[in-house]
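So you can see what is in the structure, the chains are spelled out below.
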Amino acid sequence: MVRARFATAAIAAAALSASLSACSNNDAAQAQQSQPAVAKDASLAAMVPARFKGGVNVASGVYAPMEMLTENGKFTGFDYDLGQALAGKLGVPFHFENQDFDTIIPSLQSGKHNIIMAGMNDTAARQKTLDFVDYFHAGLAILVRKGNPDHISTVLDLCGKTVAVGKATVQGDLMRSESRKCPGAGKGPIKIAEVPTEPDAQLQVRAQKATADVLDAAPAEYAASTAGGGKLFEVVHDAQHPGGYSPVDTGIGVLKKDHDLTLALQAALKSLIADGTYKKVLAKYELTSYAIDSAKINGHS
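Quick look at the structure, then. Given the structure is predicted, the values throughout are model-derived calculations rather than measurements. (Residues numbered from 1 in each chain as written. Predicted model: local features only at pLDDT ≥ 70, side-chain atom pairs only at ≥ 80, totals over all residues. Heavy atoms only, no water.)

**Things to note about the layout of surface pockets**
Each pocket or cavity is described by its volume, and for the second largest pocket that value is around 560 Å³. In this structure, the second largest pocket is lined by 33 residues; those nearest its centre are Ala217, Ala218, Glu221, Tyr222 and Tyr290. If you list the elements that add at least two residues to the lining of the second largest pocket, you get helix H1 (2–32), strand E6 (130–145), helix H7 (217–226) and strand E10 (233–236). For the lining of the second largest pocket, the class distribution of residues is 19 nonpolar, nine polar and five charged. (1 Å grid on protein atoms, 1.4 Å probe; cavity = no way out; pocket = protein on both sides within 12 Å on 5 of 7 lines; lining within 4 Å. Points joined across faces, edges and corners; volume = space filled by probe spheres on them. Helix = DSSP H or I, 4+ residues; strand = E, 2+ residues; numbered from the N terminus. Nonpolar A, V, L, I, M, F, W, Y, C, P; charged D, E, K, R; others polar.)

Below you can see the structure in the form of structure tokens.
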């Protein structure tokens, strides 16, 4: 009986997950059709270390619209398009592979991948292991069920409620920090449910196992506008935090031992910003408001 109930729950979860992703799969297929070509720049190609001339293995994931998979398993999304533009400038192929976010840094340390492009926030803690070529800037947002049945208007309205977040993310750190501000009596602390992936977090909200999903602002807005034809979720807009909570840079993660590759990526990104390609890719996914002005390493020139 226990096995039967578990199997039924697994089937239901799979069906619900499919309903959440169906629209984004269609959008992903459309996005992939117009991938811009970028010409090789000989001076930038000369900066690529010899050990990467055969190609760069990219650890990525599914975090729409940053990274998406089409129905036939092909990558698309902002990170993918930007990665292909960088590859064009540098004259080396970028091979994107799906990697669980909580194992994404170890995948670099093991040599399986060379860089991370997975909507990863550039934080001081991660800079102990990685260098980041920053390419995006946004805060965190609260995603709730359509109609906002629990009347969430600020992050502290989540006190006493369950919030779903991805494992090993800054969203979990933010929730733990905010939970300490919850009143000692009454509602109680924020209950944090860490799940393997962002689609899992959305599934928790849809299934009413969590009041909210906390994630980066761009993916939150994308989920609200596309999941279930825009009928499943909405984003809480906090008047005191119009740009989202704890705005931070997002960057390409590279091991510190590969600093020469970091410099090549930074130079290529500067070139894409200068020639307008960067803004075109942002505009393709309606992400212009999250643009950075210059390519920096760890937030510095």
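**Observations regarding empty space enclosed by the protein**
The tally for this structure, following the rule as stated, stands at one cavity of 30 Å³ or more. Lining the largest cavity are Tyr63, Met66, Gly119, Asn121, Phe136, Ala138, Asp216, Ala218, Pro219, Val248 and Thr250. Grouping the amino acids of the lining of the largest cavity by side-chain chemistry returns seven nonpolar, three polar and one charged.

**Things to note about the packing of helix H3 (residues 78–90) against helix H8 (residues 259–274)**
Axis angle and axis distance: for two packed helices, these are the angle between their axes and the distance between the axes, and together they describe the pair. Two numbers describe how H3 lies on H8: the axes approach to 9 Å, and their chain directions differ by 105°. Comparing the axis directions of H3 and H8 gives the class roughly perpendicular. Judged by residue contacts, Leu82, Ala85, Leu86, Lys89 and Leu90 of H3 engage Ala264, Leu265, Ala268, Leu269, Ser271 and Leu272 from H8. In terms of residue class, the contact of H3 with H8 is made up of nine nonpolar, one polar and one charged. (Axes fitted to C-alpha atoms, helices over the stretch in contact; angles between N-to-C directions. Parallel < 35°, antiparallel > 145°, perpendicular 65-115°, else oblique. Contact = heavy atoms within 4.5 Å.)

**Structural notes on helix H6 (residues 198–206)**
Within H6, burial applies to Glu198, Ala201, Gln202, Leu203 and Val205. Immediately downstream of H6, the backbone of Gln208 shows phi near 65°, a positive value. (Buried < 20%, exposed > 50% of the residue type's maximum accessible area, 1.4 Å probe, protein only.)

**A short note on the state of the cysteines**
Note on terminology: disulfide describes a covalent bond linking the sulfur atoms of two cysteines. What the rule picks out here adds up to one disulfide. Here Cys159 is linked by a disulfide to Cys182, with a sulfur-sulfur distance of 1.9 Å. Taking the torsion about the sulfur-sulfur bond, which here is approximately -85°, the covalent link between Cys159 and Cys182 counts as left-handed. Of this pair, Cys159 sits in the loop between E6 and strand E7 (162–166) while Cys182 sits in the loop between helix H5 (170–179) and strand E8 (191–195), and the two are 23 residues apart along the sequence. Take Cys159 and Cys182: they sit in the same class, and that class is buried. (Disulfide = S-S within 2.5 Å.)

**What about the pattern of salt bridges?**
Summed over the entire model, instances satisfying the criterion amount to 10 salt bridges. Notably, a salt bridge pairs Lys89 with Asp275, separated by 2.8 Å at the nearest N-O pair. Linking Lys89 in helix H3 with Asp275 in the loop between H8 and helix H9 (277–284), this pair joins segments that are 186 residues apart in sequence. Of the residues examined, Lys89 reaches a relative accessible area of 8% and is grouped as buried. The closest approach of N and O atoms between Arg176 and Glu194, which form a salt bridge, is 3.9 Å. Of the two residues, Arg176 is situated in helix H5 and Glu194 in strand E8; the sequence distance between them amounts to 18 residues. (Salt bridge = Lys/Arg side-chain N within 4 Å of Asp/Glu carboxyl O.)

**Side note on the packing of H3 against H9**
Two numbers describe how H3 lies on H9: the axes approach to 10 Å, and their chain directions differ by 160°. The pairing of H3 with H9 is recorded here as roughly antiparallel in orientation. The handedness of the crossing between H3 and H9 is right-handed. Residue-level inspection shows Phe78, Asp81, Leu82 and Ala85 of H3 in contact with H9, the latter providing Thr277, Tyr278, Val281, Leu282 and Lys284. Looking at the contact of H3 with H9, its residues break down into six nonpolar, one polar and two charged. (Left-handed = near helix turned anticlockwise from the far one by under 90°.)

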